[in-house]
Amino acid sequence: FINQSTDVVLIVLVNEAQCQSTCFGGDVNLLSILREGACVIVSSTVSAEWSKSASEQFTKKNIQFCDCPVSGGAVRALAGEITIMASGEPS
């Protein structure tokens, strides 16, 4: 359950369209629900352009955004050998 007291949201969806819908689609979405100071972490397959646009939209509302793609696939995940890369503002 996500509401205005949620501090961090980790999104692990299949594709960019699902992330777009979750973050910005319709009347009720993450951007409309989360409060200033919250943090959105996206570990989904999205383009660099989408990530930059999402970061700009969240930043306008003082919500931190971190793009954290995961590499390795299901086999490496089961073996505990995935790689997580993170990008975002240093703060």
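Residues numbered from 1 in each chain as written. Predicted model: local features only at pLDDT ≥ 70, side-chain atom pairs only at ≥ 80, totals over all residues. Heavy atoms only, no water.

## Notes on the confidence of the model for the protein
Part 1 of the reasoning: Mean pLDDT for the protein: 93, with 99% of residues reaching 70 or above.
Part 2 of the reasoning: When mean pLDDT is taken per element in the protein, helix α1 (residues 16-24) scores highest with 97 and strand β6 (residues 87-88) scores lowest with 80. (pLDDT = per-residue confidence, 0-100. Helix = DSSP H or I, 4+ residues; strand = E, 2+ residues; numbered from the N terminus.)

## Re the side chain of Ser51
Part 1 of the reasoning: As for its placement among the helices and strands, Ser51 is situated in helix α3 (residues 48-60).
Part 2 of the reasoning: For Ser51, a relative accessible area of 9% corresponds to the buried category.
Part 3 of the reasoning: Beyond its immediate stretch of four places on either side in the chain, Ser51 contacts Val46, Phe65 and Asp67. (Buried < 20%, exposed > 50% of the residue type's maximum accessible area, 1.4 Å probe, protein only. Contact = heavy atoms within 4.5 Å.)

## Description of the pattern of salt bridges
Part 1 of the reasoning: Scanning the model with the defined rule gives 2 salt bridges in all.
Part 2 of the reasoning: Salt-bridge contacts for Asp7 lead to Arg35; the nearest nitrogen and oxygen are separated by 2.1 Å. Residue Asp7 is found in the segment before β1 (8-11), and its partner Arg35 is found in the loop between α2 (30-33) and β2 (39-42); the two are separated by 28 residues along the sequence.
Part 3 of the reasoning: As a salt-bridge pair, Glu81 and Arg76 come within 4.0 Å of each other at their nearest N and O atoms. (Salt bridge = Lys/Arg side-chain N within 4 Å of Asp/Glu carboxyl O.)

## Some words on the packing of α1 against α3
Part 1 of the reasoning: Across the interface, α1 lies against α3 with an axial gap of 12 Å and an inter-helix angle of 5°. With respect to α3, the axis of α1 lies roughly parallel. Judged by residue contacts, Glu16, Cys19, Gln20, Cys23 and Phe24 of α1 engage Trp50, Ala54, Gln57 and Phe58 from α3.
Part 2 of the reasoning: When the residues that make up the contact of α1 with α3 are grouped by side-chain class, the tally is 6 nonpolar, 2 polar and 1 charged. (Axes fitted to C-alpha atoms, helices over the stretch in contact; angles between N-to-C directions. Parallel < 35°, antiparallel > 145°, perpendicular 65-115°, else oblique. Nonpolar A, V, L, I, M, F, W, Y, C, P; charged D, E, K, R; others polar.)

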